[in-house]
Amino acid sequence: MRLDIWQTLIYLLEGLPLTFSISIIAFAAGLAIGLPLAFIRVYEKDASFVVDAYEKVFRGVPELVLMLLFCFGLGYYFPVPFANPFFTAAFVLGLRSGANQSQIFRGAIRGIGDEQLIAAQSGGFSKWQAIWHVMVPQVLTYSTPGLGSEYALLIKDSAYAWVIGVLEIMKRAELLSVQTSNLVTPFTITLLIYVAITFPIAQWLDRWGNKRKKKMGL
Amino acid sequence: MFEQFGFIWQFYPQILQGFTLTLEITAFGVTFGLLLGTLLAVGDIYGNRVARTVIGVYVELFRGSPLFVQLFLAVYGIPAIIHIPINHYLLAFLIFGLNSAAYQKGYMKGAIEAVYGDQMDAGLSTGMTKTQTLLHVILPQAYRIVIPSWTNEFCSLTKSSSALAWVGIFDLTAAGVEITGIYYVVLPVWIVIGAIYLIWISAMAKVFDYLYEKWKIPGIELNMQ
Amino acid sequence: MTDIVMEARNVCKKYEKLEAVKNVSMQIRKGDIKLIFGPSGSGKSTFLRCMAMLTMPDSGEIYLGEQCLTKPGTDLNKARARIGFVFQHIYLFRHLTALGNVELSLKHVLKLPKEEARTRALAALKEVNVSDCINKYPSQMSGGQQQRVGIARAIARNPDIILLDEPTSALDPELTGEVIDTLRDLAKEGTTMLVVSHEMPFAHEVAEEMIFYDQGTIVETGTPEHFFNHPNSERAQKFMTRIIKRTMRE
């Protein structure tokens, strides 16, 4: 089968929605997990070992192995969510991102310092109220560069999903290379597509973050 | 299901072989990456515009795309283009190293810049050349500062080495794929493989943290406020 | 054979908004001990850094003996080996002990063998009275000790001249005394020194010539007696009154 460059490009780009869906869902999940974990780790010393263990697991087990474990391993016993490769990919990456984001936010909390919390509590807020109203907005702004690179990382790691069968960009490139007996073209284009989507996202988040930081005087 | 764990014990040789290869490739990648990364960082700080542009493009390409894509292109693509078969291992190791260097350049650059300003002035004021100051004053300090980031890179690299299984390298993940492929034992195999990665990485991280404490310049963290 | 150790001719250095050095010329002869003083931000440190070519002047010439340092193609590293520089913020090599700090340039610049470098380094450290700190790291020493090591690092190569940029400004007041004592000793031995400082005790006792520097230019020069008793220019008068008041309060 022969395809010209444009057909190749279009076929590959059709994988973008899946790439973006996986990374956005994983990022959102990571945020929902990472933000509370970070605050728990800093402010509730008794529970901190749970957070440490969670982070250790995701620092120590490859995402690929986890995807295979959940999709083909657990998927056998619980086909309902896990046999679906898209779900498993987003699930695994979401958990991983939670561990990374927990670290990012922890750094931000330390960077901002305790005075903010103390000031809020002296004004009558309870600890968790103070955290929600005073710390969280600052932590989010402070963390934008780290979050930017985490998001770029998620876009790249979405490529792991091809192994369990998600028809995102990399899988499409692999299919094309088999069917057209030409590997270099689809993969080179794929590489450039990824560079094109990671570069501006990280830059934009960085710049937006710096602007807001200046406004907040951080 | 628990008998299946015992069943896995028969595959000890494959697992060991795969694990050894994972160790080799990680060791190579992390060392090559550190050395090349240092060169790139120095080139980025010192070099002329051409050097900086080349380095910038290189880093952007390797950091902006998934390792998987890079591996496929290198291992299968390069021999196809030049019509000469090249050993998969050679290409895979090389790309792995180049990928790590792109990330480590960033860490080294950060460490060097944290040390740079005043220490370069001090070195020059004693009559040493820029190069001498870099070698004897700045890099010794930068390497000690960079250890935490480097430890992270080590963990990251070990995890991403799992991709090599799909370019014909028989690493730990490939061992897992083989076992699950031949026998209908899936979940326990991946649990075991995952556990091996976890124990190995956690242990190494502890080792590196210990070394960081041991080799730290006294008071360096105070100075880094 | 001239006995001018260093000379600046019509040196200019401008930063974006600030003209730090406006056409400044100065001669320093062997054995001179000159003090540059003046309001902060006037460009004194910039001028001193230009003398050592740590900052490149925009125009003008700097001479070290017969050699013109501002000429393109000059080996600045060799020249700087003949100049000792002491920084306001000290800038010791953090990863080395006091001994290591002083030995480093002896080994790599003067290319002395290990033994000789060590002997000379120990001698320099003894001269500044920090022999009890030789194996300590910078973070383990007080500011005064660190700065004295910084001076040892500068004098170990037996340079033609020592340039000191506000050597005591970053130190706690109790620690400045030991550094001033060290400088006094060096002065007694006939070391050629150009110091930027507002330490009036040092000025009074040790300096032979004081140079009042303000807004990029040399406003007035004279002996310490001249400045302490009857400076000519109004700016110098205002400055001296303020400084003396402050010193008396301390």
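Computed from a predicted model, the values in this text were never measured in an experiment. For every chain, the first residue of the written sequence is number 1, and numbering continues from 1 along that sequence. Both sets of labels track the order of writing: A upward for chains, 1 upward for ligands. In keeping with the predicted nature of the model, local features appear solely for residues at pLDDT of at least 70, side-chain atom pairs appear and are counted solely at 80 or more, and the whole-chain, interface and lining totals rest on all residues.

**Q** Even after reading the chapter, I still don't get the overall build of chain C, so can you show me in this structure?
**A** Secondary structure elements follow DSSP: runs of H or I of four or more residues count as helices, runs of E of two or more count as strands, with numbering from the N terminus. Looking only at helices and strands, one finds 9 helices and 10 strands in chain C. Within these notes, the globule rule equals 2.2 Å times the number of residues to the 0.38 power, and the radius of gyration is based on C-alpha atoms. In summary, chain C has a C-alpha radius of gyration of 18 Å against a globular reference of 18 Å for 250 residues, a match within 12%. Projected onto its principal axes, the C-alpha positions of chain C cover 55 × 50 × 40 Å. Here exposure depends only on C-beta density: within 10 Å of a residue's C-beta, 20 or more other C-beta atoms make it buried, 12 or fewer make it exposed, and intermediate numbers make it partly exposed, the C-beta atoms being placed from the backbone. When burial is assessed residue by residue, chain C has 46% of its 250 residues classed as buried. Each residue is represented by a C-beta atom placed from its backbone, and any two residues with such atoms within 7 Å are regarded as in contact. Of the contacts made within chain C by residues no fewer than 6 positions apart, 64% connect residues no fewer than 24 positions apart.

**Q** Help me understand the environment of Ser 177 of chain A, please; the structure alone is not making it clear to me.
**A** For Ser 177 of chain A, the location among the structural elements is in helix α10 (residues 169–180). Excluding residues within four positions of it along the chain, Ser 177 of chain A makes contact with Asn 182, Leu 183, Pro 186 and Phe 187 of chain A.

**Q** For this particular structure, what's the right way to read the arrangement of the chains?
**A** In this assembly, 2 pairs of chains are in contact, and the pair with the greatest number of contacts comprises chains A and B. When C-alpha atoms are compared, chain A and chain C, though not in contact, are closest at a spacing of 23 Å.

**Q** How do you make sense of the confidence of the model for chain C when you look at a structure like this?
**A** Detailed reading of the predicted coordinates is not advisable wherever pLDDT is low. Confidence scores labelled pLDDT are given residue by residue by the predictor and lie between 0 and 100. Across chain C, the average pLDDT comes to 89, with 98% of residues at or above 70. If you check the scores for this complex, the pTM reads 0.82 and the ipTM reads 0.87.

**Q** It is not clear to me how the pairing of strand β4 (residues 59–64) of chain C should be interpreted in this structure. Could you clarify?
**A** Along a regular strand, successive side chains alternate from one face of the sheet to the other. Residue and element names in this part refer to chain C. Paired strands, as defined in this entry, are two strands with at least two bridges between them according to DSSP. When strand β1 (residues 4–14) meets β4, the two strands line up antiparallel, connected through 5 bridges. The residue bridging Arg 9 from the neighbouring strand is Glu 61, located in β4. In the sheet, β4 pairs with strand β5 (residues 67–68) via 2 bridges, with the strands oriented antiparallel. In the strand pairing of β5, Leu 64 is matched with Gln 67. Here β4 folds back onto β5 in antiparallel fashion, the turn holding 2 residues, of which Gly 65 has a positive phi close to 65°.

**Q** I would appreciate a short explanation of the interface of chain B and chain A in the present structure.
**A** Frequently, the measure chosen for interface size is the accessible area that the parts lose on association. Counting residues at the interface gives 28 residues for chain B and 29 residues for chain A. When residues of the side of chain B that touches chain A are traced back to their parent elements, those giving at least two are α3 (49–64), α4 (67–82), α7 (147–160) and α9 (187–215) of chain B. The element contributing the most residues to the side of chain B that touches chain A is α9 of chain B, with 9 residues. Looking at the side of chain B that touches chain A residue by residue, the classes come out as 19 nonpolar, 7 polar and 2 charged. As a working rule, the residues Ala, Val, Leu, Ile, Met, Phe, Trp, Tyr, Cys and Pro are called nonpolar, Asp, Glu, Lys and Arg charged, and the rest polar, with Gly in that last group.

**Q** How do you make sense of the interface of chain C and chain B when you look at a structure like this?
**A** Listed by partner, the interface residues are 21 residues for chain C and 21 residues for chain B. Put simply, the parts of the chain that give the side of chain C that touches chain B at least two residues each are α2 (76–81) and α3 (98–108) of chain C.

**Q** I keep staring at the sheet that holds β4 of chain C and nothing clicks. Help me out?
**A** Pairing between the strands of a sheet is mediated by backbone hydrogen bonds and can be parallel or antiparallel. The sheet built from 4 strands is open, its strands ordered β2-β1-β4-β5 (chain C) with antiparallel pairing. Lying at the two open borders of the sheet, with one neighbouring strand each, are β2 (19–29) and β5 of chain C.

**Q** Where do I start with the nonpolar core in this structure?
**A** One broad trend across soluble globular proteins is that nonpolar side chains are buried collectively. In plain words, the nonpolar core is the set of buried Ala, Val, Leu, Ile, Met, Phe, Trp, Tyr and Cys residues that C-beta atoms within 7 Å link up. Core analysis: the biggest nonpolar cluster contains 98 residues, and Ala 142 of chain B together with Met 51, Val 102, Leu 125, Ala 152 and Leu 163 of chain C have the highest contact counts within it. Among the elements that take part in this core, helix α5 (residues 88–125) of chain B stands out by supplying 9 residues, more than any other. Non-local contacts of Ala 142 of chain B, meaning those with residues more than four positions away in its chain, are made with Met 108, Ala 111, Ile 112 and Val 115 of chain B. Listed in part, the 91 residues of the second largest apolar core include Leu 64, Phe 72 and Val 92 of chain A together with Ile 169 of chain B.

**Q** Can you help me understand the packing of helix α1 (residues 5–13) of chain A against α10 of chain A in this one?
**A** Working note: a packed helix pair is described by the angle between its axes plus the distance between those axes. Residue and element names in this part refer to chain A. Running from amino to carboxyl end, α1 crosses α10 at an angle of 145°, the nearest separation of the two axes being 8 Å. On α10, the residues touching Thr 8, Tyr 11 and Leu 12 of α1 are Ile 169, Arg 172, Ala 173 and Leu 176. Split into classes, the residues belonging to the contact of α1 with α10 amount to 5 nonpolar, 1 polar and 1 charged. The convention used is that axes are lines fitted to C-alpha atoms, helices contributing only their stretch in contact, and that angles between N-to-C directions extend from 0 to 180 degrees.

**Q** Is there a simple way to explain the pairing of β2 of chain C in this structure?
**A** Residues and elements named next belong to chain C. Of the pairings in the sheet, the one linking β1 to β2 comprises 7 bridges and is antiparallel in character. Looking at the pairing, Val 11 lines up with Val 24 of β2. The turn linking β1 back onto β2 is made up of 4 residues.

**Q** Just checking my understanding: could you explain unusual backbone geometry for this structure?
**A** Negative phi values dominate among residues other than glycine, just as trans dominates among peptide bonds. Positive phi, close to 65°, is recorded for Asn 129 of chain C, a residue that is not glycine. The residue Asn 129 of chain C is located in the loop between α4 (114–127) and α5 (143–155) in this model.

**Q** Hey, could you run me through the sheet that holds strand β7 (residues 161–165) of chain C in this one?
**A** Residues and elements named next belong to chain C. Here we have 6 strands laid out as an open sheet, ordered β6-β7-β8-β3-β9-β10, and mixed in their pairing. Each having just a single partner strand, β6 (83–86) and β10 (217–222) make up the two edges of the open sheet. Strand-to-strand twist in this sheet, taken as the mean axis angle between neighbours without regard to direction, amounts to 20°. One ladder, built from 5 bridges, connects strand β9 (residues 209–214) with β10; its direction is antiparallel. By the bridge assignment for β10, Ile 211 is matched with Thr 221.

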